[in-house]
Amino acid sequence: SFNKMARSIKAGRMRLQKYAEQLEEKVKERTQELQNTLKDVQALKAQQDGDYFLTTLLLKPLGVNEVDSRFIGIESFVRQKKKFEFRHWSKDIGGDINISHVIELEGKRYIAFINGDAMGKSIQGAGGALVLGSVFHTIIERTQATEAMRQLAPERWLKNAFIELHRVFESFDGSMLVSGFFGLIDEKTGLMYHILAEHPLPVLYRNGKASFVDNDRMLRKLGTTGVEGTLVIATTQLEPGDILLVGSDGRDDIILGHDEHGGRIINEDETLFLSIVEESGGDMQAIVRALESHGEIMDDLSLMRIERYREEHNNHRAFDYTGVLQGVKRDIRQGATAKAIQRIEAYLQHDAFYPEAVKNLAQIYYQSKNYEKAANYAQDYLWLKPSDAEFVYFTALCFRRIRDYRKAIDLSERLRLREVPMAKNLALLTDLHLRTGNKTRAETILAELVAHDAEFSSIQILKRKLADATRSS
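Residues numbered from 1 in each chain as written. Predicted model: local features only at pLDDT ≥ 70, side-chain atom pairs only at ≥ 80, totals over all residues. Heavy atoms only, no water.

(A) Representation of helix α12 (residues 405-416) within the structure. Helix length check: α12, at 12 residues, gives a terminal C-alpha distance of 16 Å against a target of 16 Å (1.5 Å per residue), a fit within 8%. If you check which residues of α12 are buried, you get Tyr405, Ala408, Ile409, Leu411, Ser412, Glu413 and Leu415. Those residues of α12 hidden inside the fold are in contact with α10 (371-384), α11 (389-401), α13 (423-435) and α14 (439-452). (Helix = DSSP H or I, 4+ residues; strand = E, 2+ residues; numbered from the N terminus. Expected span 1.5 Å × (residues − 1). Buried < 20%, exposed > 50% of the residue type's maximum accessible area, 1.4 Å probe, protein only. Contact = heavy atoms within 4.5 Å.)

(B) Representation of the pairing of strand β8 (residues 203-206). Direction of pairing for β8 relative to strand β9 (residues 209-212): antiparallel, over a ladder of four bridges. Bridging from a neighbouring strand, Arg206 pairs with Lys209 of β9. Strand direction decides the pairing type here: β8 and strand β11 (residues 243-247), joined by three bridges, are antiparallel. Counterpart to Leu204 in the pairing with β11 is Leu244. (Pairing = 2+ DSSP bridges.)

(C) Representation of the packing of aromatic side chains. For the coordinates displayed, the defined rule picks out 11 aromatic pairs. Their ring planes at 75 degrees and their centres at 5.7 Å tell us that Tyr347 and Tyr354 sit as a pair that is edge-to-face. The class for Tyr347 is buried, based on a relative accessible area of 8%. Tyr354 gets classed as partly exposed once you look at its relative accessible area, which sits at 30%. The structure contains a cluster of three or more aromatic residues connected by ring pairs, namely Tyr366, Tyr371, Tyr381, Phe391 and Phe394. (Phe/Tyr/Trp six-rings, centres within 6.5 Å; stacked < 30°, edge-to-face > 60°.)

(D) Representation of the sheet that holds strand β4 (residues 96-105). The antiparallel open sheet is built from five strands, whose spatial order is β4-β5-β6-β7-β10. This sheet does not close on itself; its edge strands, each paired only once, are β4 and β10 (234-237). Within this sheet the neighbouring strands show an average axis-to-axis angle of 20 degrees, counted without direction. As paired elements, β4 and strand β5 (residues 108-118) share 10 bridges and run antiparallel to each other. Across the sheet, the residue bridging to Val102 is Ile111, located in β5. (Axes fitted to C-alpha atoms, helices over the stretch in contact; angles between N-to-C directions.)

(E) Geometry of the nonpolar core. With 98 residues, the main nonpolar core has Leu132, Trp157, Leu165, Phe182 and Leu184 as its most contacted residues. With sequence-adjacent residues up to four places away left out, Leu184 is seen in contact with Ile103, Leu105, Tyr110, Ile111, Ala112, Phe113, Pro154, Trp157, Leu158, Leu191, Met192 and Tyr193. Ranked by size, the runner-up nonpolar core spans 20 residues in total, among them Phe77, Leu274, Val277 and Leu301. (Core = buried A, V, L, I, M, F, W, Y, C linked by side-chain atoms within 4.5 Å.)

(F) Seen up close, the sheet that holds strand β15 (residues 301-308). One open sheet accounts for five strands, arranged β1-β15-β11-β8-β9; its pairing is antiparallel. The sheet is open, and its two edges are formed by β1 (72-79) and β9, each paired on a single side. Neighbour-to-neighbour, the strand axes of the sheet open up by a mean angle of 20 degrees, direction not taken into account. Helix α5 (residues 271-279) rests against β8, β9, β11 and β15 of the sheet, and its axis sits at about 150 degrees to β9.

(G) Seen up close, a positive patch on the surface. On the surface, Lys329, Arg330, Arg333 and Lys339 cluster together to form a positively charged patch. For the positive patch, the leading source of residues is helix α7 (residues 321-333), giving three residues. Secondary-structure assignment places Lys339 in helix α8 (residues 337-350). (Patch = residues over 30% accessible without salt bridge, like charges linked within 9 Å, V, L, I, M, F, W, Y side chains within 5 Å. Areas by Shrake-Rupley, 256 points an atom, 1.4 Å probe, with all protein chains shown as cover. Salt bridge = Lys/Arg side-chain N within 4 Å of Asp/Glu carboxyl O. Lys, Arg positive; Asp, Glu negative; His and termini not counted. Charge placed at Lys NZ, Arg CZ, Asp CG, Glu CD.)

(H) Here's a closer look at the pattern of salt bridges. Scanning the model with the defined rule gives 22 salt bridges in all. In this structure, the salt-bridge partner of Arg305 is Glu75, at a minimum N-O distance of 3.8 Å. With Arg305 in strand β15 and Glu75 in strand β1, this pair connects stretches of sequence that are 230 residues apart. Owing to a relative accessible area of 12%, Arg305 belongs among the buried residues under this scheme. Under the relative-accessibility criterion, Glu75 is labelled partly exposed at 34%.

(I) Representation of the environment of Gln47 within the structure. Inspection of the secondary structure assignment puts Gln47 in helix α1 (residues 2-59). For the pair formed by Gln47 and Phe86, sequence separation is 39 residues and the distance between their alpha carbons is 9.6 Å.

(J) Expanded view of the side chain of His137. Tracing the chain through its elements places His137 in helix α2 (residues 122-145). Those residues within four positions of His137 in sequence are excluded, and the remaining contacts are Pro61, Leu62, Val64, Ile99 and His101.

(K) Layout of unusual backbone geometry. In this model, Asn207 sits at a positive phi of 50 degrees, which is unusual for a non-glycine residue. For Asn207, a relative accessible area of 70% corresponds to the exposed category. Of note, Lys369 is a non-glycine position whose phi angle comes to about 65 degrees, a positive value. Relative to the elements of secondary structure, Lys369 occurs in the loop between α9 (355-367) and α10. The exposed category is assigned to Lys369, whose relative accessible area is 61%.

In structure tokens form, the structure reads like this:
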């Protein structure tokens, strides 16, 4: 019986060992599965962030302040709630948008503007903002181009614009709604015509006091189906020195703290914004800082600050890149590369997507032999301006410098497929294929180069390299 016992202990041990081994296998399998899932999720996330990024690029030229006026100053602030990272850009995406333009009606200058908030989170909201921005810009361009529209009275122009926007949104059957404030200001007299569509009331800051501008008739959101009734245009007289602040509901939706159950305490008091405007003296940056100091802003936030100047102003556009570029060229002539880089980077703080600035950074980094950074910026520039053929070639050169031949070949091959065959690109491509040991492809491309431009300077060198490669193999 002792032997029997020993046998069963031994058998038990064997079984345990087997279990242990199987378990180890199972854990390995499970870990692998989890890693694969994580990879899939990361790939999807990268794809989604790419979509977000492209959408923000599309929105960028739409949400603009094109007002250059000696009588009225406009400042715009938009910060969306949803943040995302793409490449080395940190961006935000959402449905808030500010647009302002100057138009002429009956021979007088007017400032036409919108502060809009499209329903839905991140990409859905951004979709609404894209439609709003595109249609409004079309209306502005039509006004600037057609005599008949320029003969309209301001009330009629604003009404027509609102109805056109509403019809476009109505066609989405209620799946795309936009609240907003739509205004038109007579530049010289300061008279403002306006329409409010389910949007927070604008605030007038006059002589140190802030008050709501009352709209007798609040309209339903743009795109609300089945809306009938007459459209009334309200008017408000802006006096010299007045500041008008228009904003989306992000200005009121502040999490003030948490109750004893951990629930959020959300601001219900819309007069809070009035006191913030007064404390901040109507200054835009101070208002944003004050809102943040009261708690966490839980929604997209957009604000427009419209000031009727006391006397004429000469408004020179700040942040003009030509001035920056002159400074950069001067720095480079004096050999102050670091200073030139600083200048452009400071400008990119203001406009991270200005293609010319990104391009110049890539060029400066390349000249100062920082090829890694040159390649990064060159790639970013191509994202913004893929049509620049000369720069596709330059980017391929950058990647050859950092020995990322696969990337360089990819760029160079892409350029070869375009209608403009560049001899230097074919030469670069031959060289790259030789470096990666792809002799047959190098031979094909070299033949193409000879057929294209038999006199090209590096043909003889490349022929020698190809012969050497063939011999050594």
